[in-house]
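One-letter residues, chain by chain:
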Amino acid sequence: MPNTMSVASWLNLHRRAIEAVRPVHEQIQQADLDRITPCTGWDLHQLLRHMVGQDHGFAAAAGAEVDVQAFGPRELGEDIASTLSSSLTGAHQAFAQADPERPILMPEFGAQRFGLAAVIGFHFIDTVVHGWDVAATVGVPLRYQPELVAAALAQARAVPDGPFRDEPGAAFGRPLTETGESTPWRETLLRLGRDPDWTPARSRLKS
């Protein structure tokens, strides 16, 4: 199970996930911001603002108790890649510097408290799945190393299902059913409400 991994193991996976998505982020242009994304109801601008807000919220929560507003969307600025890189790096540094013995308050999860390893795992799955969302939106290839995929799948299997996934702005939609031969990464996406074969053109045809 993913929550049995050590903080050090999660930090390693988290760093590698950031390294994997950074080249995708560097391809984003201002003209891409109104593109539709695999996140139903969100264009790329909304998705990226959500991602940066989550990065800042996780970073803040790792060091102190914060309320849910700390996780709210943030502006991207003119240099989108720099903003995304800085926010991800900030989250990683906050995790690395956090007290591993302090339970972390996560107000987005009903004010529950979690161990540091679990919190890094939550941010890891956000990073890799939203990395794919962005890559699919702008048409940039993205392949994760098998160890990252295995960790992502374990996390995806642990994400509970429920009506909260139907709420506006939910990061993960309801699980979908595979129609062909599955792979660990396809299962990861399907469990988190993504169509692994999603493209902007295909999305327009279905809408």
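Right, let's walk through the structure included here. (Residues numbered from 1 in each chain as written. Predicted model: local features only at pLDDT ≥ 70, side-chain atom pairs only at ≥ 80, totals over all residues. Heavy atoms only, no water.)

Turning to the environment of Trp132, a few remarks are in order. Within the secondary structure, Trp132 is located in helix 4 (residues 116–138). Not counting residues up to four positions away in its chain, the partners in contact with Trp132 are Pro38, Leu142, Tyr144, Trp185, Leu189, Arg194, Asp195, Pro196 and Trp198. (Helix = DSSP H or I, 4+ residues; strand = E, 2+ residues; numbered from the N terminus. Contact = heavy atoms within 4.5 Å.)

This part covers the side chain of His14. When you line up the elements, His14 lands in helix 1 (residues 7–25). Judged by relative accessible area, His14 falls into the buried class, the value being 0%. Those residues in contact with His14 that lie beyond four places of it in its chain are Leu88, His92, Phe95, Ile120, His123, Phe124 and Thr127. (Buried < 20%, exposed > 50% of the residue type's maximum accessible area, 1.4 Å probe, protein only.)

Attention now goes to the packing of helix 2 (residues 44–63) against helix 4. Pairs of packed helices are described in terms of their axes, by the angle between the two and the distance that separates them. For the pair helix 2 and helix 4, the least separation of the axes is 11 Å and the interaxial angle reads 160°. It follows from the interaxial angle that helix 2 and helix 4 lie roughly antiparallel. Handedness of the crossing formed by helix 2 with helix 4: left-handed. Each of Leu44, Leu47, Leu48, His50, Met51, Gln54, Asp55 and Phe58 in helix 2 lies in contact with helix 4, whose residues at this interface are Val119, Phe122, His123, Asp126, His130, Asp133, Val134, Thr137 and Val138. Classifying every residue of the contact of helix 2 with helix 4 by side-chain character gives 9 nonpolar, 5 polar and 3 charged. (Axes fitted to C-alpha atoms, helices over the stretch in contact; angles between N-to-C directions. Parallel < 35°, antiparallel > 145°, perpendicular 65-115°, else oblique. Left-handed = near helix turned anticlockwise from the far one by under 90°. Nonpolar A, V, L, I, M, F, W, Y, C, P; charged D, E, K, R; others polar.)

A few words on the environment of Glu101. Looking at where Glu101 falls in the secondary structure, it is placed in the loop between helix 3 (80–97) and strand 1 (104–106). Take Glu101: its relative accessible area is 68%, and that puts it in the exposed class. It is 7.4 Å that separates the C-alpha atoms of Glu101 and Gly115, two residues lying 14 residues apart in sequence.

This brings us to the packing of aromatic side chains. As enumerated under the stated definition, the model contains 7 aromatic pairs in all. The interplanar angle of 80° and the centroid separation of 5.2 Å between the aromatic rings of Phe109 and Phe122 together place this pair among those described as edge-to-face. Of the two residues, Phe109 sits in the loop between strand 1 and strand 2 (112–114) while Phe122 sits in helix 4, which places them 13 residues apart along the sequence. Take Phe122: its relative accessible area is 21%, and that puts it in the partly exposed class. Note on Phe114 and Phe122: the rings are 5.0 Å apart at their centroids and 90° apart in plane angle, and the pair reads as edge-to-face. Three or more aromatic residues link up through ring pairs in this structure, and these residues are Phe58, Phe71 and Phe95. (Phe/Tyr/Trp six-rings, centres within 6.5 Å; stacked < 30°, edge-to-face > 60°.)

So, on to empty space enclosed by the protein. A complete count under the given rule lists 1 cavity of 30 Å³ or more for this structure. The space that makes up the largest cavity amounts to roughly 110 Å³. What lines the largest cavity is a set of 14 residues, among which Met51, Asp55, Leu88, Asp126 and Thr127 lie closest to the centre. Counting residues per element, the ones that place at least two in the lining of the largest cavity are helix 1, helix 2, helix 3 and helix 4. (1 Å grid on protein atoms, 1.4 Å probe; cavity = no way out; pocket = protein on both sides within 12 Å on 5 of 7 lines; lining within 4 Å. Points joined across faces, edges and corners; volume = space filled by probe spheres on them.)

With that settled, the discussion passes to helix 4. In this model helix 4 runs 33 Å from its N-terminal to its C-terminal C-alpha over 23 residues, within 8% of the 33 Å that 1.5 Å per residue would give. With 22 of 23 residues buried, helix 4 is to be regarded as a mostly interior element. Residue Gly139 follows helix 4 closely and has a positive phi angle near 75°. (Expected span 1.5 Å × (residues − 1).)

Moving on, we get to helix 6 (residues 184–191). Among the 8 residues that make up helix 6, 6 are buried, leaving the element largely enclosed by the rest of the structure. Listed as buried for helix 6 are Trp185, Arg186, Glu187, Thr188, Leu189 and Leu190. In this structure, the buried side of helix 6 is in contact with helix 4 and helix 5 (146–158). Positive phi shows up at Gly193, right after helix 6, with a value of about 80°.

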